[in-house]
Amino acid sequence: MTILASNNVTKRFGGLVAVDQFDLDLQELSIHSIIGPNGAGKTTFFNCVTGFYPPEEGEIHFNGTSLKGMSPDRIAHLGIARTYQNIRLFSNMTAIENILVGQHPKLKASLIDAILHTPHYQKEEKEAHEEANRLVRFVGLVGLGDHLARNLPYGAQRRLEIARALASKPKLMLLDEPTAGMNPQESAEMMRFIRNLRDELEITILLIEHDMRVVMGISEIITVLDYGVKIAEGPPEEIQRNPRVIEAYLGRGAASGLGQNSI
Amino acid sequence: MKKRFSSLLERINERFSSPIGRWVLIGIVVGLILILPMINFQQRAFWVRVIGYTGLYIILGLGLNVVVGLAGLLDLGYVAFYAIGAYAYALLASGHFDIHISFWLVLPFAALLAGFAGILLGIPVLRMRGDYLAIVTLGFGEIIRMLVTNLTDLTNGSQGLIGIDSPYLFGLELKTSTHFYYMIFIFVIIAIFVTQRLDRSRVGRSWIAMREDEDAAQMVGVNTTRYKLLSFAVGAFIGGLGGAIFAAWQGSIFPDNFNLMVSVNVLCLIIIGGMGSIPGVVIGSFALITLPDILRQFADYRLLLFGFLLVVMMIARPEGFIPSRRRQLELHAEELAHAGPAEITTEGGA
């Protein structure tokens with residue numbers, strides 16, 4: 001079943017077409033990667049899905065609901081969460097507080113509840129705190145929960161960002177280069193972790209990634225973007241052999257020269 | 001000197017950051033404040049006025065702290081809401097229009113009116129950040145001051161409004177500074193209570209998240225439009241409350257009471273105390289409002305000395321006297337009722 005469908009999505013910045021008539025059919029519970037050279041429009045597409053940049057043309061449907069004209073916060077409420085290429089945490093809040101903010105769509109407390117500490121509010125807060133603590137454990141940040149996000153080591157910040165995204169119990173998670181800056185061992189662990197998100201928590205994963213070991217190891221479907229245009233789509237083995245993909249990455253000529261060794 | 005001053009503050013901070021130490025300190029301060037008007041000493045009337053006035057600024061500081069400290073919206077026109085609250089009470093409880101409504105009825109109305117003005121100011125500045133927001137709010141403050149100066153039919157212009165009614169409490173007319181001293185004290189406690197609860201709630205967390213990264217906050221589901229307006233409204237509500245109390249205490253108000261310096265002072269006391277920190281607002285108010293009066297004995301050198309202290313303070317401790325501290329929320333394994341599937345980790349990273 002399709003969870004996210006992008007039809008003919010185009011996003012322009014002045015004269016530059018960042019995403020050009022892009023179609024994507026994302027199957028529920030799949031792990032789907034978008035790859036492409038720098039500036040291919042991958043992150044721009046993420047920004048279109050999350051409502052940060054409304055596309056000029058085309059439409060994106062999530063579970064059958066059109067996302068047209070929706071603000072990012074409403075889209076978050078529908079069950080889409082994301083992480084950023086350059087980690088964007090709430091730096092001066094603790095790890096736990098970051099996760100609590102992530103739970104925002106799941107909580108209901110209003111200003112009045114907060115001032116009066118109604119029984120309903122106290123129950124909700126207590127459960128939210130417990131849930132946040134569980135997530136701290138889940139991503140392996142035990143003992144770091146009360147540290148300010150900006151004081152955490154890099155790897156921990158990455159995991160905290162995922163925990164914050166998980167806190168809203170999303171159905172779809174957009175991960176923008178989750179293994180950037182990690183060594184091979186850390187990347188392998190991150191891959192296992194992402195697969196667990198899908199297998200255990202039943203979250204569909206849409207991934208942007210440059211590390212080909214990760215992409216080829218984890219993806220079920222890969223979509224290749226170049227200059228905003230989709231140039232290939234298919235399972236990893238097929239993408240690895242696709243001459244247009246090799247050309248996009250290494251330039252014309254390289255495709256014939258290098259053949260199918262690696263991308 | 002910078003180092004020594006800073007480490008001294010650090011030591012004081014450490015000493016009073018244990019729960020017992022903190023409550024002892026709060027108890028001493030509250031006790032001193034409560035008994036001050038009862039002690040018979042020569043300058044009692046002066047001190048009651050100064051500390052009462054400081055309390056009024058604590059209320060204003062707590063209100064603006066919601067906007068600047070928590071939500072991160074730089075508002076330089078906060079005095080506007082103070083003025084709206086003051087004029088609302090003065091017009092509805094004085095001989096000017098010969099309307100005399102009870103203080104306790106007008107007070108919530110004045111605060112709500114200011115809160116509404118906060119939303120009105122908020123709507124056009126929703127998309128602005130940083131310096132631009134500061135300039136527009138600065139203009140808003142001036143607009144309100146110009147309005148009360150020039151709408152002479154309504155506000156009596158620069159002649160001001162005089163003969164404002166005193167509040168009555170169970171038949172007792174509240175008219176002396178000591179009465180207002182205690183009344184302000186109670187409102188300070190309420191304001192601390194309310195803003196602290198907000199700070200720790202879903203609402204406060206959303207504000208702080210917005211301050212830290214507006215886009216990311218929106219991406220996790222915070223309706224930034226609503227929360228910005230909410231912070232303007234809450235801040236303005238508290239400012240309006242302070243204004244109404246001020247008008248009732250003074251018995252007369254003039255447009256000059258609501259000049260830019262009020263906004264600047266309130267903002268400064270937040271910065272000096274520590275952005276987003278409630279104890280910081282209290283300390284900042286004493287430093288900025290009480291201290292200049294203590295320095296009165298140095299007569300002409302007063303402001304020079306005061307300015308010097310501010311500069312030293314900002315060099316030695318730019319984060320403020322009592323920087324905002326986040327609460328410890330991590331539970332230990334045994335406190336966590338039913339720990340989830342903690343086995344799936346990406347341990348070994350970092």
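This text gives an overview of the structure that appears in the document.

Quick notes on the rules
Residues numbered from 1 in each chain as written. Chains lettered and ligands numbered in written order. Predicted model: local features only at pLDDT ≥ 70, side-chain atom pairs only at ≥ 80, totals over all residues. Heavy atoms only, no water. Pairing = 2+ DSSP bridges. Helix = DSSP H or I, 4+ residues; strand = E, 2+ residues; numbered from the N terminus. Axes fitted to C-alpha atoms, helices over the stretch in contact; angles between N-to-C directions. Contact = heavy atoms within 4.5 Å. Buried area = accessible area lost by both parts, 1.4 Å probe. Salt bridge = Lys/Arg side-chain N within 4 Å of Asp/Glu carboxyl O. Polar contact = N/O pair within 3.5 Å; in protein donor to acceptor, adjacent residues only side chain to side chain. Parallel < 35°, antiparallel > 145°, perpendicular 65-115°, else oblique. Buried < 20%, exposed > 50% of the residue type's maximum accessible area, 1.4 Å probe, protein only.

**Considerations on the sheet that holds strand β8 (residues 204-208) of chain A**
All names here are of chain A. Taken in spatial order, the 6 strands make up an open sheet running β6-β7-β8-β3-β9-β10, and their pairing is mixed. Two strands bound the open sheet, and with one partner strand each, they are β6 (80-82) and β10 (229-234). The sheet shows a mean angle of 20° between the axes of neighbouring strands, taken without regard to direction. Where strand β3 (residues 31-35) and β8 come together, 4 bridges link them in parallel fashion.

**Overview of the interface of chain B and chain A**
Interface extent is often summarised as the accessible area lost during association of the parts. Chain B puts 49 residues into the contact, and the matching count from chain A is 61 residues. Where chain B abuts chain A, roughly 4800 Å² becomes buried across the two surfaces, and 58% of that area is made up of carbon and sulfur atoms. Summed over the shared surface of chain B and chain A, the result is 4 salt bridges. In this structure, the salt-bridge partner of Glu125(A) is Arg205(B), at a minimum N-O distance of 3.1 Å. Our enumeration of links across chain B and chain A arrives at 21 residue pairs in polar contact (both at pLDDT 80 or more). Put simply, the parts of the chain that give the side of chain B that touches chain A at least two residues each are α8 (177-199), α9 (202-212), α10 (214-219) and α11 (224-250) of chain B. Of the residues forming the side of chain B that touches chain A, the biggest block, 9 residues, is contributed by α9(B).

**A closer look at the packing of helix α3 (residues 44-70) of chain B against α9(B)**
Residues and elements named next belong to chain B. Between α3 and α9, whose axes approach to 8 Å, the crossing angle comes to 45°. What the angle tells us is that α3 and α9 run oblique. Within the contact between the two elements, α3 uses Val66, Gly69 and Leu70 and α9 uses Trp207, Ile208 and Arg211.

**A short note on the side chain of Ser277(B)**
All names here are of chain B. Mapped onto the secondary structure, Ser277 falls in the loop between α12 (260-273) and α13 (278-294). On the accessibility criterion, Ser277 (4% relative accessible area) is buried. Side-chain polar atoms of Ser277 contact the backbone oxygen of Ile322, separated by 2.8 Å. In contact with Ser277, other than residues within four places in its own chain, are Asn65, Ile322, Pro323 and Ser324.

**Comments concerning the environment of Gln157(A)**
Residues and elements named next belong to chain A. Within the fold, Gln157 resides in helix α6 (residues 154-166). Sequence separation of Gln157 and Leu141 is 16 residues, and the distance between their C-alpha atoms is 9.5 Å. Non-local contacts of Gln157, meaning those with residues more than four positions away in its chain, are made with Ile87, Leu89, Ala149, Arg150 and Leu152. Engagement of the side chain of Gln157 in a polar contact is seen with the backbone oxygen of Leu152, the distance being 3.1 Å.

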